[in-house]
Amino acid sequence: MNWSSGSPALKSLWGLDPEVTFLNHGSFGATPRAVLDAQTRWRDEMEREPVLFLARKLPALMEAVRVRVASFLGADPAGLLPVANATTGVATVFHSLTWGPGDELLLADSTYNAVKQAARALSDRYGVRVVEVKVPFPLTAPEQVTAAYVAAFSPRTRLVVVDHVVSATGCVLPAAAIVAEARRRGVPVLVDGAHAPAMLRLDLTELGADFYTGNLHKWLCTPKGTAILSIAPAWRAIVHPLAISHGYGGGVTGEFDWTGTFDPSAWLAVPSALDLFSGFGPDAVRASNHALVQNGRIHLAEALGVALPHPDDPALYAAMAAVEVPWARATDGASLNALSAALYDQHRIEVPFSAYDHRVWVRISGQLYNAPEDYVRLADVLRTWRR
Ligand SMILES: Cc1ncc(COP(=O)(O)O)c(C=O)c1O
């Protein structure tokens, strides 16, 4: 297929507001019309005869999607489970393990805030000690991150959490190297790949993490509420969904396919997103999205008069990147959100700001509906805009 990012034909696949320069695919994804139409067809079918659909047809339909998603992610379908989102994937692992006072849970200062809070809750409930690795940013090489993790391993480490793509900075962390180091010490790893499916080329079996969670609703552009939790064989007997239902004890796939009544139309529409993505060629989409961000961050850094926080190494970033906003002082979540809201109100640009290591960063995303001009527009506005 011959296409160029941000062309009118590509933009029209999404129902995004044409008045908005939308540079925040990362937060919640954005779902193409065709995928939403597929979801509507599934919902209509369910509502024609809910019992026939949910009680008799659904198990085989869930299984078919599981097999297809597993093949896309290089995962074993027997351990690939549907969850609503990465937050649930992480919580499922946290609550499936048994914890005692003084057990250590290793995560990073760059770990997604909701996951840090979930770790805090474990600490409050069981006396777990949460150990924070300092992930350097700016950084020059992935090995710095691996070394920081390795230095924090201890005989009390019960679980290591690694963000495959850091939310605040877009940085890709060396998950495979950290998994290999942890395995050598017999420490299990949960990779939080909230942004990774479709953004990165994944082979979850080869990666070999004990647990891997990832959203399909971000970079695969599926309907919201579609994510996976992949469990290595050794852990399948002890992992259970947060809501136990009829299938308890009958094997992970059955347990996770039904955790009480829900609307499966989002999950059933996932193949439609996979079809769309395959039509473009997943590697071609990745290359195109990366090129947008690669050039976008250069424009921004020039406009803001700052240095780039890491070299132009594809091991370090993919379809998101962060650039420092030197004049911004906001560091708490509310002030950062207010910065985004003001930029949206005044210029109809949607882009997130984050704080990391006492500096404020603007994070850009690149997706098929984005054109190179979107980043030029952001750079032009940020050159003089202050709040
Ligand atoms: C690293 C990371 N973990 C978890 C999440 C939470 O994702 P969700 O809200 O879909 O559960 C995000 C969201 O951006 C994230 O970046």
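For the structure, check the block above.
Below, the structure is looked at part by part. Keep in mind it's a predicted model, so treat the numbers as computed, not measured.

Now for the pairing of strand 12 (residues 359-365). Of all 7 residues that make up strand 12, 6 are buried, and the element is covered over most of its length. In terms of strand pairing, strand 9 (residues 320-324) meets strand 12 through 5 bridges, oriented antiparallel. When the bridges of strand 12 are listed, V323 appears paired with V362. If you look at the hairpin formed by strand 11 (residues 353-356) and strand 12, you'll find 2 residues sitting between the two strands, and D357 has a positive phi there, around 55°.

Neighbouring the ligand are 13 residues, the closest being T87, D192, N215, H217 and K218. Contact between the ligand and H195: an oxygen atom at 3.1 Å from a side-chain N or O atom of the residue. H217 places a polar side-chain atom, nitrogen or oxygen, 3.0 Å from an oxygen atom of the ligand. For the ligand, whose accessible area on its own is 390 Å², the fraction buried by protein is 90%.

This paragraph deals with the sheet that holds strand 12. Strand order in the open sheet formed by 3 strands is 9-12-11, with antiparallel pairing between adjacent strands. Either end of the sheet is taken by a strand with one partner, and the two such strands are strand 9 and strand 11. Recorded for the sheet is a direction-independent mean angle of 40° between the axes of neighbouring strands. Strand direction decides the pairing type here: strand 11 and strand 12, joined by 4 bridges, are antiparallel. Each residue of the ladder has a partner; that of S354, found in strand 12, is W361. Sheet strands touched by helix 13 (residues 282-304): strand 9 and strand 12. Its angle to strand 9, the strand with the most contacts, is close to 5°.

Right, let's get into helix 14 (residues 333-347). Taking 1.5 Å as the rise per residue, helix 14 with 15 residues should run 21 Å; its terminal C-alpha atoms sit 21 Å apart, in good agreement. Looking only at helix 14, the buried set comprises L336, L339, S340, A342 and L343. Buried positions in helix 14, seen along its axis, are confined to an arc of 160° and lie on one side of it. In helix 14, the exposed residues that point more than 90 degrees away from the buried face are A334, N337 and D345. Where the residues of helix 14 are buried, they touch strand 10 (349-350), strand 11, strand 12 and helix 15 (372-384).

Take the side chain of T222 next. Relative to the helices and strands, T222 is located in the loop between strand 7 (211-215) and strand 8 (227-231). Looking at T222, its side chain comes within polar contact range of the side chain of T226, at 2.6 Å. Those residues in contact with T222 that lie beyond four places of it in its chain are T31, V35, L216, H217, V270 and A273.

The rules behind the values
Residues numbered from 1 in each chain as written. Predicted model: local features only at pLDDT ≥ 70, side-chain atom pairs only at ≥ 80, totals over all residues. Heavy atoms only, no water. Buried < 20%, exposed > 50% of the residue type's maximum accessible area, 1.4 Å probe, protein only. Helix = DSSP H or I, 4+ residues; strand = E, 2+ residues; numbered from the N terminus. Pairing = 2+ DSSP bridges. Near = heavy atom within 4 Å. Polar contact = N/O pair within 3.5 Å; in protein donor to acceptor, adjacent residues only side chain to side chain. Areas by Shrake-Rupley, 256 points an atom, 1.4 Å probe, with all protein chains shown as cover. Axes fitted to C-alpha atoms, helices over the stretch in contact; angles between N-to-C directions. Contact = heavy atoms within 4.5 Å. Expected span 1.5 Å × (residues − 1). Arc of directions from axis to C-beta.

Any functional reading would require information beyond the geometric quantities listed.
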